[in-house]
Amino acid sequence: MAAIRSIAESARERAAGSNSNLNANASASANANANANAISIRDCSLTFGSVRVLNQVSIDIRDGEFLSILGPSGCGKSTLLRLILGLLSPDQGGGIVHHVPREEIGIVFQKPVLMPWHTAIQNIELPLSIGPQRAKQSKAERREKAEWSLELVGLTDFRHHFPQQLSGGMQQRIAIARALAANPSVLLMDEPFGALDEFTREKLNIELLRLWDNPGTGLNTVVMVTHSIQESVLMSDRIVMMSPRPAGVNDIVNVPLSHPREAEMQESPEFLGTVREIRKSVKAL
Ligand SMILES: Nc1ncnc2c1ncn2[C@@H]1O[C@H](COP(=O)(O)OP(=O)(O)OP(=O)(O)O)[C@@H](O)[C@H]1O
Ligand SMILES: [Mg+2]
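Residues numbered from 1 in each chain as written. Chains lettered and ligands numbered in written order. Predicted model: local features only at pLDDT ≥ 70, side-chain atom pairs only at ≥ 80, totals over all residues.

Within the element layout of this structure, Asp213 appears in helix H6 (residues 198-213). With 22 C-beta atoms counted inside 10 Å, the residue Asp213 sits in the buried group. Distance from Asp213 to His259, taken between C-alpha atoms, is 9.2 Å for residues 46 residues apart in sequence. (Helix = DSSP H or I, 4+ residues; strand = E, 2+ residues; numbered from the N terminus. Buried ≥ 20, exposed ≤ 12 C-beta atoms within 10 Å, placed from the backbone.)

Now the structure itself:
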C-alpha cells in the first residue's frame, strides 16, 4: 500500500496551494482542460426490439473530469457505457464523437470478471497479450506493466494468488489494475464497487481518486455509473442524472467540493447539501 499512500500525499501537496474555494469552478480537478471534451454524445436514441431505452441523450464528457451517471435500475446506464465504448451504435441521432483515440478508452465492469485459472498478475497481463495489443510490447514489457499496475493498486504481494484466494475488494482492485495496464486516458466504470460493503467501497473510492490524481497513470477522464448518491457526490466533478426508461438526461449537477477529495468531506455542509438536492430531484422523477 506504500505506493497508494505516496500517491495520496503527492495529490494533497499538489492541490494544497491551488484549490481552496468551494464552488463549482474550483471543483474541476487538476486533470481538467476546461476547453476540451473527451467524448461527446450527440442526441443519441437507442431501441432494443420494441423497447426504447435511450431517448435523445446528449452529454459532453469533459477532458479531465470525473463524471458520474446516476439513474434508476434498468434505465439504460450500462447501455450508455456500451454506446460510449463503441460496442453499440445509436439507431437515431448524431452519434458519439470520440475526441480521444478509441484504444485509449478502458472499462471496468460491475463484476471483476477474472479468469479463475489465472493468477492476479496473469489476469492483468491477459488483455495485453491478445489481439492488436500483443504486438505493442514484448513479454518482458507486458510483465513490467502488469507489475506496475499491481503496485498502483497495492497488491504486489498477491501477484501469484488466484482470484478465489482474494477478497471481493481485492478482486475489484485487480480488475482496475487490468484496465490501467493498458494506459487508458478515459476510464468507463459500470458500478465498479456496487457489490462491496460500505467500508471497502469507501476505501476503494478514495484509492480510485488517488489513481486519477496520479499523473503517472495517464488516466485523465473517468465516467462512473453508480446507484449511490453519496458515492457520486464524493467522487465526481459533475453528476448526470438520468430519467427512467426511455432514459434522457434529466439534470447535470455540479459538485461544489474541492480536490483532493477526502472521506471526511462527507460531513461537510457542501456535501450534505448536494446529496439533499439530488435526493429531491430523484424523488421528483
Ligand atoms: N442486448 C440487449 N437486448 C435487449 N434488451 C436489452 C439489451 N441490453 C439491455 N437491454 C434492455 O435495456 C434496458 C436498459 O438496460 P441497462 O442494462 O442499460 O440498464 P441499467 O440502467 O444499466 O440498469 P441497472 O442499474 O440495473 O444495471 C433494460 O430494459 C434491458 O432489458
Ligand atoms: Mg447496469
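From this point, things continue past the structure.
The next thing to look at is the sheet that holds strand E9 (residues 249-254). Here 6 strands make up an open sheet; going across it, the order is E5-E6-E7-E3-E8-E9 and the pairing mixed. The two strands at the open ends of the sheet, each matched to only one other strand, are strand E5 (105-108) and E9. Ignoring strand direction, the axes of neighbouring strands in this sheet form an average angle of 15°. Taken together, the 4 bridges between E5 and strand E6 (residues 186-190) define a ladder with parallel strand orientation. By the bridge assignment, Gly106 is partnered in E6 with Leu187. In this fold helix H2 (residues 77-85) packs onto strand E3 (66-70), E5, E6, strand E7 (221-226) and strand E8 (238-242), with an angle of close to 155° to the strand it touches most, E6. (Pairing = 2+ DSSP bridges. Axes fitted to C-alpha atoms, helices over the stretch in contact; angles between N-to-C directions. Contact = placed C-beta atoms within 7 Å.)

Our next topic: the packing of helix H5 (residues 168-181) against H6. Two numbers describe how H5 lies on H6: the axes approach to 11 Å, and their chain directions differ by 20°. Classified by the angle between their axes, H5 and H6 sit roughly parallel to one another. The way H5 lies across H6 gives a crossing that is right-handed. Counted together, Gly169, Gln172, Ile176 and Leu180 of H5 and Thr200, Leu204, Leu208 and Leu211 of H6 form the full contact between these two elements. Here the residues of the contact of H5 with H6 sort into 5 nonpolar, 3 polar and no charged. (Parallel < 35°, antiparallel > 145°, perpendicular 65-115°, else oblique. Left-handed = near helix turned anticlockwise from the far one by under 90°. Nonpolar A, V, L, I, M, F, W, Y, C, P; charged D, E, K, R; others polar.)

What follows is about helix H8 (residues 269-284). The end-to-end C-alpha distance of H8, which contains 16 residues, comes to 23 Å, matching closely the 22 Å that a straight helix rising 1.5 Å per residue would cover. All of the buried residues along H8 are Phe271, Thr274 and Ile278. Down the axis of H8, the buried side of the element spans an arc of 70°, and every buried residue falls inside it. Facing away from the buried side of H8, by more than 90 degrees, are the exposed residues Pro269, Gly273, Arg276, Arg279, Lys280, Lys283 and Ala284. Tucked inside the fold, the buried residues of H8 contact helix H7 (229-235), E8 and E9. (Expected span 1.5 Å × (residues − 1). Arc of directions from axis to C-beta.)

Further remarks concern the pairing of E3. For E3, a buried count of 5 out of 5 residues is recorded, marking the element as mostly surrounded by other parts of the structure. Side-chain alternation along E3 places Phe66, Ser68 and Leu70 on one buried face and Leu67 and Ile69 on a second face that is also buried. In the sheet, E3 pairs with E7 via 5 bridges, with the strands oriented parallel. Considered in E7, the bridge of Phe66 is made with Val222.

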